[in-house]
Amino acid sequence: MHGPIILLLGGTSESSQMARALAESGLRAVFSYAGRTEAPRPQPLPTRIGGFGGVAGLADYLRAHGITHLIDATHPFAAQMSRNAIEACAATGVKLIALERPAWQAEHSDDWQSLATLEEAAAALPERPARVFLAIGKQNLDLFAARQDHFYLLRLVDAPVAPLPFRDAAWVVDRGPFSLENDLALLRAHRITHLVAKNAGGIGAAAKLAAARALGVKILMVERPALPARRIVQSPEAVLAWLAHGAERGV
Ligand code: 3Y8
Ligand code: NAP
């Protein structure tokens, strides 16, 4: 009897942990990146890069490759990919599980404001000029372009190819995982007063929160988009148990 044939949707530190666990288990799996960055971290699994072509494209891929189990370990803000995975698995009968890290929580000493969207975060910036660490990558920067009176610090995975939509900005190229000392130095060097972040959760990008706490920087946290119900676990071990359980039952 053949074991599961797995598609692992990646792009997070948890998906890298999952890939290592799958490689060690000897199970048949392929790792998938969207192709957002120039040189994504190499994985210990056969890797495909690029979109599938919507729900239909993903369903075709699942059928063509005899995929039996899909692990969605994408970032909590990769909502379109996660929605597509739910629909394509429902259409093909492929079993779906999400590997997701818990959201970050405000601590009592935090100057932390939760927002529903990046637009709300932009609107929440103060009237008076501020010095803002936009730790949201390079998509969505235009949402902040209306406020040219702030200084913006950006952290990008790849150097920007287009000019930034800001009058007064600096940027660093860094991929993470980030360290507390690095993020403390970054916030101090740029005299940051506000931090805008998406609630990624996990450890890879949490250092900026600890640095903000230490320096009394105001945290504007964009909370995660809602997703339809699906099976969610929070560790690669739980995913392996789910795979083993299913395999025993021959499903
Ligand atoms: C291409 C794969 C690892 C994984 C690293 C984690 C950590 C850094 C949190 C900050 C926040 C941000 C951004 C971030 C996080 C980890 C993890 C995580 C945030 C890589 C990766 C890919 C991407 C895509 C990229 C986005 C961008 C977002 C930078 C690889 C490094 C800001 C999200 O240039 C672009 O277009 C970049 C696009 C989507 C958000 C955006 O809108 O710009 N991630 N990030 C994946 C693919 O092609 O499928 O290149 O190796 C993965 C990681 N991103 O191996 O250590 O918690 O997992 N990535 C956010 O949370 O706001 C950084 O700087 O503090
Ligand atoms: P998204 O908006 O949810 O997805 C947009 C489209 O990108 C999807 O419909 C799909 O294209 C393609 N795609 C996304 N993830 C893919 C994957 N792992 N493999 C193959 N195709 C993928 O996704 P996103 O927010 O742009 O994120 C893209 C990648 O960056 C994901 O791997 C995600 O885990 C990672 N990431 C994102 C963030 C973030 O802030 N959004 C943060 C850290 C890491 P088709 O419809 O053509 O299939």
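Only a predicted model underlies this, so the values are computations on that prediction, with no experimental measurement involved.

About the criteria used
Residues numbered from 1 in each chain as written. Chains lettered and ligands numbered in written order. Predicted model: local features only at pLDDT ≥ 70, side-chain atom pairs only at ≥ 80, totals over all residues. Heavy atoms only, no water. Helix = DSSP H or I, 4+ residues; strand = E, 2+ residues; numbered from the N terminus. Rg over C-alpha atoms; globule rule 2.2 N^0.38 Å. Buried < 20%, exposed > 50% of the residue type's maximum accessible area, 1.4 Å probe, protein only. Near = heavy atom within 4 Å. Polar contact = N/O pair within 3.5 Å; in protein donor to acceptor, adjacent residues only side chain to side chain. Areas by Shrake-Rupley, 256 points an atom, 1.4 Å probe, with all protein chains shown as cover. Nonpolar A, V, L, I, M, F, W, Y, C, P; charged D, E, K, R; others polar. Pairing = 2+ DSSP bridges. Axes fitted to C-alpha atoms, helices over the stretch in contact; angles between N-to-C directions. Contact = heavy atoms within 4.5 Å. Salt bridge = Lys/Arg side-chain N within 4 Å of Asp/Glu carboxyl O.

A. Structural detail: the overall build of the chain. Helix and strand content of the chain: 7 helices and 12 strands. The C-alpha atoms of the chain give a radius of gyration of 20 Å, which matches the 18 Å a tight globule of 251 residues would have. Principal-axis analysis of the C-alpha atoms places the extent of the chain at approximately 65 × 35 × 30 Å. Taking all 251 residues of the chain together, the buried fraction comes to 47%.

B. The site of ligand 1, seen in detail. Lining the immediate surroundings of ligand 1 are 29 residues, of which Ala34, Thr37, Arg41, Lys138 and Arg175 lie closest. In the environment of ligand 1, an oxygen atom lies 2.9 Å from a nitrogen or oxygen atom belonging to the side chain of His75. Take Arg101: an N or O atom from its side chain is 3.0 Å from an oxygen atom of ligand 1. Look at ligand 1: alone it shows 1,100 Å² of surface, and the protein chains cover 93% of it. Its residues placed into classes, the shell around ligand 1 shows 10 nonpolar, 11 polar and 8 charged.

C. Fine view of the sheet that holds strand E7 (residues 131–135). Judged by pairing direction, the sheet is parallel, and its 6 strands sit side by side in the order E6-E11-E10-E7-E8-E9 without closing on themselves. Unpaired on one side and paired on the other, strand E6 (112–115) and strand E9 (169–173) mark the two borders of the sheet. The sheet shows a mean angle of 20 degrees between the axes of neighbouring strands, taken without regard to direction. As paired elements, E6 and strand E11 (residues 218–222) share 4 bridges and run parallel to each other. Among the inter-strand pairings, Ser114 is bridged to a residue of E11, identified as Met221. Lying on the sheet, helix H5 (residues 180–189) is in contact with E7, strand E8 (151–156) and E9; it crosses E8 at an angle near 155 degrees. Along the sheet, helix H6 (residues 207–215) contacts E6, E7, E8, strand E10 (194–198) and E11; its crossing angle with E10, the most-contacted strand, is approximately 155 degrees.

D. Representation of the pattern of salt bridges in the model. Scanning all chains against the criterion turns up 10 salt bridges. Here Lys218 makes a salt bridge to Asp111, at a shortest N to O gap of 3.3 Å. With Lys218 in strand E11 and Asp111 in the loop between strand E5 (95–99) and E6, the pair connects residues that are 107 residues apart, well separated along the chain. The partly exposed category is assigned to Asp111, whose relative accessible area is 39%. For Arg147, the salt bridge identified is with Asp149, shortest N-O distance 3.1 Å. On the accessibility criterion, Arg147 (18% relative accessible area) is buried. Each member of the salt-bridge network shares a partner with another, and the members are Asp72, Glu100, Arg224 and Arg230.

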